[in-house]
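Architecture at a glance
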Amino acid sequence: IAFGGVVVWIIGRHRLGVAICILGLLVGILRWNMVLPGPTTKTDVGGLLGHIRQGIITRIDQAFLPPQSSFLTGILLGDISDMPREVRNDFRRTGTSHLVALSGFNVAIMVTAINGVLLQIIGKRWAWLPAVVLITLFVVMTGASASVTRAGIMAGMMVVVGALGRPMLPGRLL
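Residues numbered from 1 in each chain as written. Predicted model: local features only at pLDDT ≥ 70, side-chain atom pairs only at ≥ 80, totals over all residues. Heavy atoms only, no water.

Inspection of every chain in the model, using the stated rule, returns 2 salt bridges. A salt bridge links Asp 79 to Arg 53; the shortest N-O distance between them is 3.9 Å. Highlighted residues: Asp 79 in the loop between helix 4 (68-77) and helix 5 (85-94) and Arg 53 in helix 3 (residues 47-63), separated in sequence by 26 residues. What makes Arg 53 buried here is its relative accessible area of 2%. For the salt bridge of Asp 90 with Arg 93, the shortest nitrogen-to-oxygen distance reads 2.3 Å. Placement of the pair is Asp 90 and Arg 93 together in helix 5, with a separation of 3 residues, close to one helical turn. Exposure remark for Arg 93: the relative accessible area of 63% places this residue in the exposed category. (Salt bridge = Lys/Arg side-chain N within 4 Å of Asp/Glu carboxyl O. Helix = DSSP H or I, 4+ residues; strand = E, 2+ residues; numbered from the N terminus. Buried < 20%, exposed > 50% of the residue type's maximum accessible area, 1.4 Å probe, protein only.)

Relative orientation of the contacting elements helix 6 (residues 104-121) and helix 8 (residues 146-164) amounts to 30 degrees, with a least axis distance of 9 Å. By the angle class used here, helix 6 and helix 8 are roughly parallel. Note on packing geometry: the crossing formed by helix 6 with helix 8 is right-handed. Contacts from Gly 104, Val 107, Val 111 and Asn 115 of helix 6 reach helix 8 at Val 148, Ala 151, Gly 152, Ala 155 and Val 159. A per-class count over the contact of helix 6 with helix 8 returns 6 nonpolar, 3 polar and no charged. (Axes fitted to C-alpha atoms, helices over the stretch in contact; angles between N-to-C directions. Parallel < 35°, antiparallel > 145°, perpendicular 65-115°, else oblique. Left-handed = near helix turned anticlockwise from the far one by under 90°. Contact = heavy atoms within 4.5 Å. Nonpolar A, V, L, I, M, F, W, Y, C, P; charged D, E, K, R; others polar.)

Read these as layout, nothing more, since geometry by itself doesn't imply function.
Have a look at this one:
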């Protein structure tokens with residue numbers, strides 16, 4: 001990822017390449033320093049991200065009763081370990097299990113929330129930088145599976161492109 005960002009920066013000489021470099025380096029450093037669990041485990045991943053993940057799960061469990069709490073945890077973090085077997089089977093039978101599978105949908109929810117808050121607090125000019133860092137932390141916190149990493153890269157690029165005032169055409173970002 002970081003190498004691709006350097007190439008984009010050299011060719012285009014704009015912030016998108018820098019953002020891709022930052023995203024790649026952060027994912028690489030964070031994955032190097034911690035052992036990541038699978039997307040459906042509820043164990044501490046070590047360090048601050050593990051505590052944040054567990055804190056989110058605990059707060060959701062306190063605010064909602066099962067099975068709603070397990071559904072929300074699945075949507076936000078891809079954690080379905082507490083979801084009753086009957087509910088998981090219902091999702092599979094109806095073809096809606098993708099709602100609680102860790103994927104780009106989860107990243108889109110988080111990016112929308114993160115970017116909306118940062119745009120109000122920091123403004124359009126600088127909101128992209130903490131947004132890219134937070135997207136990276138979310139990707140690593142949820143286990144950095146291939147689908148979430150890919151979605152995180154796309155989301156980071158869209159945030160930076162939006163900050164640059166360029167048209168956001170997902171086909172071009174691919």
